[in-house]
Amino acid sequence: MTDKSKKTIRILFPQWQGGNQELYGFGARLLHWLSPVSRSPLHTINVPEFNPDTPEPERGLLYRRQLLSQHDEAWAVLEKEEPDHIVVFGGDCLVDQAPFAWMNERHNGEMGVLWIDSHPDVKTPRDFTNGHTMVLGNLLGGGDPEFASKVKIPIAPSRVMYAGLIEEGLTEQETTIISHLGLQVARPEELYENSDRITRWLKEQNISKLAVHLDLDVLNPDVFRSLLFAEPEPEFDWQAVYPVGKLNLAQTLRIIRDVSSETEIVIIGITEHLPWDAWNLKEFLKKLPIMNE
C-alpha cells in the first residue's frame, strides 16, 4: 500500500550522450509513456537533440560538459522538490547518478543499492569514453573524478550488490575494482528460481532504504528485444564483445517485489531501453511519400 504521507516524483531523463546512442532518448520517452498513470509530478530534464557528429572526448569523456549540465539540472530538481521516493525513466545509465547520490546524502550514507545490470559500470575515462560505463564507480568515489566530486557522500561498498552481473565478461580493471571494494554479486544463475541471495544481504546489512538501478540489458535479448544487444542487422556485433543479459522479465519482477517486501525502495531508475522495432517503424513512416504531403 502506498504511504500517502510520502512524496514521490518522476523524472524523465532522456539522456543519450552517456552511451552516444540516439535511441536512449527515444527509449526513455517511450518508457514513460508505457508506465502506469500516476498523480506524482513529472520533471523532464532538458537534453539536446542527438548530434550524429561525435565530438572529441573532453578529458577522456564524450559530451562531458553536456552530461555535467544535465546532472546539475536533475540535482536542482531534487533540491527543490525534496522527494521521499523517486522514479527515473532513463536514458543511459548515468541518469541515476544525481538521484542516487542525493538520496544517499538524505539518508546519511546508509542507503543500500541493488544494481540490476549485466555490466558493472565501474570504468574510468582511462578505460572508455562513454560516461554510462562509470556511473556506479562515480557513486562509490571512483570512476570519473569530476563526476565523483559531485557525490558528497559516496555509497558504502558493503551496501552495494549486483544482481545479474555477467562475471565471465569482466575486464581486468572491472574485476580488480569489484574485488578491491568487496562488492557483492548475485549471478544470474543464482536468481533464476529465487531472490534469497539478495534478501540475505539486505538483512545482513540491515538495509532499510534501498535504491534499485534497473538496466534493462540485464534481460536476455532472446526474450526481450528492446535492448542494445538485440539490434537488428547491426553494423557492430555487440554480443561478440560485451556480455549479454540472462534474466527474463518475470524473474526480474520477482526480484524487485521480493526486495520490496524486505525493505523500502526509495528510488528505482529504469534505463537503457532501446526499442528498435518502434524506432525503425517510426523512421519508415517518416520516409513514406504520402506521409509528407
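Named according to an unreviewed UniProt entry, the protein chain is Arginase family protein originating from Enterobacter quasihormaechei. Looking at the Sequence similarities (unreviewed entry) heading of the UniProt record, one finds this comment for the protein chain: "Belongs to the arginase family."

### Points about the overall build of the protein chain
Secondary structure summary: the protein chain contains eleven helices and eight strands in total. Scaling as 2.2 N^0.38, a compact globule of 293 residues should have a C-alpha radius of gyration of about 19 Å, and the protein chain matches this with 18 Å. Structurally, the protein chain occupies a C-alpha span of about 60 × 45 × 40 Å along its principal axes. Residue pairs in contact within the protein chain that sit at least 24 positions apart in sequence constitute 75% of those at least 6 positions apart. Computed over 28 positive and 44 negative side-chain charges, the inter-centroid distance for the protein chain is 6 Å.

### Observations concerning the sheet that holds strand β1 (residues 8–13)
On the basis of which strands lie adjacent, the open sheet formed by eight strands has the order β2-β1-β3-β8-β7-β4-β5-β6 and parallel pairing. Only two strands of the sheet have a single partner each, and these edge strands are β2 (42–44) and β6 (184–186). Across the sheet, the mean angle separating the axes of adjacent strands is 20° when strand polarity is ignored. Both β1 and strand β3 (residues 85–90) contribute to a ladder of six bridges, which runs parallel. Residue pairing across strands places L12 opposite F89, the latter belonging to β3. Seen against the sheet, helix α3 (residues 97–106) touches β3, β4 (112–116), β7 (209–215) and β8 (264–271) and runs at an angle of roughly 165° to β3.

### A word on helix α2 (residues 64–81)
For α2, which comprises 18 residues, the first-to-last C-alpha distance of 26 Å matches the rise-based estimate of 26 Å (1.5 Å per residue) to within 8%. Among the residues of α2, R64, L67, L68, Q70, H71, A74, W75, V77, L78 and E81 are the ones counted as buried. In this structure, the buried residues of α2 make contact with β1, β2, β3, α3 and α5 (145–148). Positive phi shows up at E82, right after α2, with a value of about 50°.

### Remarks on the pattern of salt bridges
A side chain with one charge may pair with a side chain of the opposite charge, provided their charged atoms come close. Per the counting criterion, the structure on display carries 15 salt bridges. Notably, a salt bridge pairs D72 with K150, separated by 3.0 Å at the nearest N-O pair. One end of the pair, D72, is in helix α2; the other, K150, is in the loop between α5 and β5 (160–163), with 78 residues separating them in the sequence. Among the salt bridges present, the one from E264 reaches K209, with a minimum N-O distance of 2.4 Å.

### Describing the nonpolar core
Ranked by size, the top nonpolar core spans 56 residues in total, and within it F13, I86, V113, W115, L136, L139 and Y162 carry the most contacts. Tallying contributions element by element places α2 first for this core, with six residues. Sequence-distant contacts of I86, defined by excluding residues within four places in its chain, comprise I9, I11, L78, P99, W102, M103, V266, I267 and I268. Membership of the second largest hydrophobic core comes to 29 residues, among which are L12, A186, V218 and L219.

### Quick word on the packing of aromatic side chains
Within a pair of aromatic rings, the relevant descriptors are the distance that separates the centres and the angle that separates the planes. Going through the model one piece at a time under the given rule, you end up with four aromatic pairs. Between W16 and F50 the ring centres are 4.9 Å apart and the planes differ by 70°, which places this aromatic pair in the edge-to-face class. Here W16, found in the loop between β1 and α1 (23–34), pairs with F50, found in the loop between β2 and α2; they are 34 residues apart in sequence, far enough to count as distant. On the basis of relative accessibility, which here comes to 3%, the residue W16 falls in the buried class. The exposure class assigned to F50 is partly exposed, which follows from its relative accessible area of 25%. A ring pair is formed by W16 and Y63, whose centres lie 4.9 Å apart and whose planes are at 75°; its orientation type is edge-to-face. Taken together, the residues span a long stretch of sequence, with W16 in the loop between β1 and α1 and Y63 in the loop between β2 and α2 at a distance of 47 residues. Across the pair, Y63 and W16 agree in class, each one buried.

What counts and what doesn't
- Residues numbered from 1 in each chain as written.
- Predicted model: local features only at pLDDT ≥ 70, side-chain atom pairs only at ≥ 80, totals over all residues.
- Heavy atoms only, no water.
- UniProt positions renumbered as here; feature names shortened; annotations may be inferred.
- Helix = DSSP H or I, 4+ residues; strand = E, 2+ residues; numbered from the N terminus.
- Rg over C-alpha atoms; globule rule 2.2 N^0.38 Å.
- Contact = heavy atoms within 4.5 Å.
- Lys, Arg positive; Asp, Glu negative; His and termini not counted.
- Charge placed at Lys NZ, Arg CZ, Asp CG, Glu CD.
- Pairing = 2+ DSSP bridges.
- Axes fitted to C-alpha atoms, helices over the stretch in contact; angles between N-to-C directions.
- Expected span 1.5 Å × (residues − 1).
- Buried < 20%, exposed > 50% of the residue type's maximum accessible area, 1.4 Å probe, protein only.
- Salt bridge = Lys/Arg side-chain N within 4 Å of Asp/Glu carboxyl O.
- Core = buried A, V, L, I, M, F, W, Y, C linked by side-chain atoms within 4.5 Å.
- Phe/Tyr/Trp six-rings, centres within 6.5 Å; stacked < 30°, edge-to-face > 60°.

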